[in-house]
Amino acid sequence: MTRTALVTGSAGFIGYFTAKALLDQGWRVVGLDAMTDYYDVRLKDRRHAMLHQNAGFSAVNARLETPGVLQDLFETHQFDAVVHLAAQAGVRHSIDAPRSYVEANLMGTFELLEAARAVPPAHMLLASTSSVYGANTQMPYTEADKVDAQMSFYAATKKATENMAHSYAHLYDLPITMFRFFTVYGAWGRPDMAHFKFTKAILNNEPIEIYNHGKMQRDFTYIDDLVRGITALIDAVPPMPGADPIQGDSLSAVAPHRVVNIGTGAPVALMDFVEAIETAIGQKATKSFKDMQPGDVPATWADATLLKTLTGETPTTPIQTGIQTFVDWYRDYYQV
């Protein structure tokens, strides 16, 4: 029988590609998105329009945190899987507008967990972030690391959702996987992301701002690699307590709850990232070097061993290939 999935944030960057991948695999997908104006809504409209070309997709325009919205969806569709990607994103924006993070990330996830408690899916997969590793300096980051020193309010809300999910997994036997993203990039990305901003500035002959004077590293993960990891994890359902964990597992001893990194395991220096964009465009950037921004960290680096053990997937797209694909998309979309 055809399986049905709920994808929250389906008009977003990662949500769009995840919903598309599931549709391509034969799933029915219900996409929920509030279509907020955090960035250009026209991008979100285009993403949903492309998803609507598949008859298996239906969309709901609503806020997660609105009481009753998710409860009704769960009762109507009896979801086999839930992929929760809707959130207020952005480390820097969380300094200026923290209330929006409480509403979308905390209250929205609470409503999702309450709906799942009443009508349990076979597996829930909830997005977290590498930002939860915060002040940790020992790398690569592993799922077993202690994560109690978040550096931004955004990261704090995402760590809170991990804890909320664990409590519901324990209390109500809800199988839940939290996946921690590392810096994701690719076509149809958010305009506030570095690769988007750098490309736009270079093409407009404007300077790009490089923080911490370029002394930054990121575990850049191409969107296709990320989505393969997400969809492969759907059938890697965390077992109930008492099961033997696999080697290197993050499985809870008291709940069907697991945390999984999705990253390449190979950090890229920020200046090499900039060079890849310059090469793809065929034009050098004018660089304006700045101090570190509040809430940011100098490096991220994933240990993705558990992802490979559970799914066989390993993100492998070279940064030059992924950036070239993005720049080609950008030029085509914006006709520049």
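These lines cover the structure that appears in this document, whether it is placed above or below. (Residues numbered from 1 in each chain as written. Predicted model: local features only at pLDDT ≥ 70, side-chain atom pairs only at ≥ 80, totals over all residues. Heavy atoms only, no water.)

1. Things to note about the overall build of the chain
Argument step 1. From N to C terminus, the chain includes 11 helices and 13 strands.
Argument step 2. For a compact globule of 336 residues, the expected C-alpha radius of gyration is about 20 Å, and the chain comes in at 19 Å, within 12% of that figure.
Argument step 3. Its C-alpha atoms give the chain principal-axis dimensions of about 55 × 45 × 40 Å.
Argument step 4. Burial statistics for the chain: of 336 residues in total, 52% are counted as buried.
Argument step 5. Put simply, the chain shows about 14,400 Å² of open surface, and 50% of that area lies on carbon and sulfur atoms.
Argument step 6. Computing the positive centroid from 27 side-chain charges and the negative centroid from 36, the chain places the two 4 Å apart. (Helix = DSSP H or I, 4+ residues; strand = E, 2+ residues; numbered from the N terminus. Rg over C-alpha atoms; globule rule 2.2 N^0.38 Å. Buried < 20%, exposed > 50% of the residue type's maximum accessible area, 1.4 Å probe, protein only. Areas by Shrake-Rupley, 256 points an atom, 1.4 Å probe, with all protein chains shown as cover. Lys, Arg positive; Asp, Glu negative; His and termini not counted. Charge placed at Lys NZ, Arg CZ, Asp CG, Glu CD.)

2. Re the packing of helix H5 (residues 98-118) against helix H6 (residues 153-172)
Argument step 1. Where H5 meets H6, the closest approach of the two axes is 10 Å, and the angle between their N-to-C directions is 15°. What the angle tells us is that H5 and H6 run roughly parallel. Every pair of crossing elements has a handedness; the one defined by H5 and H6 is right-handed. Contacts between H5 and H6 pair Pro98, Tyr101, Val102, Asn105, Leu106, Thr109, Phe110, Leu113, Glu114 and Arg117 from the former with Phe153, Tyr154, Thr157, Lys158, Ala160, Thr161, Met164, Ala165, Tyr168 and Tyr172 from the latter.
Argument step 2. For the contact of H5 with H6, the class distribution of residues is 13 nonpolar, 4 polar and 3 charged. (Axes fitted to C-alpha atoms, helices over the stretch in contact; angles between N-to-C directions. Parallel < 35°, antiparallel > 145°, perpendicular 65-115°, else oblique. Left-handed = near helix turned anticlockwise from the far one by under 90°. Contact = heavy atoms within 4.5 Å. Nonpolar A, V, L, I, M, F, W, Y, C, P; charged D, E, K, R; others polar.)

3. Points about the sheet that holds strand S11 (residues 257-262)
Argument step 1. Strand order in this open sheet of 7 strands is S3-S2-S1-S4-S5-S6-S11, and the pairing throughout is parallel. Edge positions in the open sheet fall to strand S3 (57-61) and S11, since each of these has one partner strand only. Averaged over all neighbouring strand pairs, the angle between strand axes comes to 20°, with direction disregarded.
Argument step 2. Bridge count between strand S2 (residues 28-33) and S3: 5 bridges; the pairing is parallel. Of the residues in S3, the one forming a bridge with leucine 32 is valine 60.
Argument step 3. The strands that helix H3 (residues 69-77) touches are strand S1 (4-8), S2, S3 and strand S4 (81-84); relative to S2, the one it contacts most, it runs at about 175°. (Pairing = 2+ DSSP bridges.)

4. Thoughts on unusual backbone geometry
Argument step 1. At the junction of methionine 139 and proline 140, the peptide bond is cis and its omega measures out at 5° in the coordinates.
Argument step 2. Mapping proline 140 onto the fold places it in the loop between strand S5 (123-129) and H6.
Argument step 3. Within the chain, glutamine 78 stands out as a residue other than glycine whose phi angle is a positive 50°.
Argument step 4. Even without glycine at this site, asparagine 205 takes up a positive phi of about 55°.
Argument step 5. Note that asparagine 205 resides in the loop between helix H7 (194-203) and strand S8 (208-210).
Argument step 6. Relative accessible area serves as the criterion here: at 62%, asparagine 205 is assigned to the exposed category.

5. Regarding the pairing of S11
Argument step 1. With 6 of 6 residues buried, S11 lies mostly within the body of the structure.
Argument step 2. Burial along S11 is two-sided: the face carrying His257, Val259 and Asn261 and the face carrying Arg258, Val260 and Ile262 are both buried.

6. Looking at the packing of helix H1 (residues 13-24) against helix H2 (residues 41-51)
Argument step 1. One way to put it is that H1 packs onto H2 with a least axis distance of 10 Å and a crossing angle of 5°. Judged on the interaxial angle alone, H2 and H1 are roughly parallel. Within the contact between the two elements, H1 uses Phe13, Tyr16, Ala19, Lys20 and Leu23 and H2 uses Arg47, Met50 and Leu51.

7. Some points on the side chain of threonine 177
Argument step 1. Here threonine 177 lies in strand S6 (residues 176-181).
Argument step 2. For threonine 177, a relative accessible area of 1% gives the class buried.
Argument step 3. One polar contact links threonine 177 to histidine 123, side chain to side chain, over a distance of 2.8 Å.
Argument step 4. Not counting the four nearest positions on each side in its chain, threonine 177 is found in contact with His123, Met124, Leu125, Leu126, Leu233, Ala236, Pro238, Arg258 and Val260. (Polar contact = N/O pair within 3.5 Å; in protein donor to acceptor, adjacent residues only side chain to side chain.)

8. Describing the pattern of salt bridges
Argument step 1. Summed over all chains, the structure comprises 15 salt bridges.
Argument step 2. Here arginine 42 ties to aspartate 40 by a salt bridge, and the two come within 3.0 Å at their closest N and O atoms.
Argument step 3. The exposed category is assigned to arginine 42, whose relative accessible area is 59%.
Argument step 4. Aspartate 40 gets classed as partly exposed once you look at its relative accessible area, which sits at 26%. (Salt bridge = Lys/Arg side-chain N within 4 Å of Asp/Glu carboxyl O.)

9. Some details on a nonpolar patch on the surface
Argument step 1. Nonpolar side chains collect at one region of the surface, where Val102, Met107 and Phe153 lie side by side and expose about 230 Å² of accessible area between them.
Argument step 2. Examined against the element boundaries, methionine 107 turns out to sit in helix H5. (Patch = residues over 30% accessible without salt bridge, like charges linked within 9 Å, V, L, I, M, F, W, Y side chains within 5 Å.)

10. A closer look at H3
One turn of the α-helix equals 3.6 residues, which is why residues spaced by three or four share an orientation.
Argument step 1. Listed in full, the buried residues belonging to H3 are Val69, Leu70, Leu73 and Phe74. For H3, the arc enclosing every buried residue in end-on projection is 125°, short of the 170-degree limit, so these residues lie on one face.
Argument step 2. On its buried face, H3 is in contact with S1, S2, S3, S4 and H5.
Argument step 3. Where H3 terminates, the next one or two residues include glutamine 78, which has phi positive at roughly 50°. (Arc of directions from axis to C-beta.)

In short, shape yes, function no, at least from these values alone.
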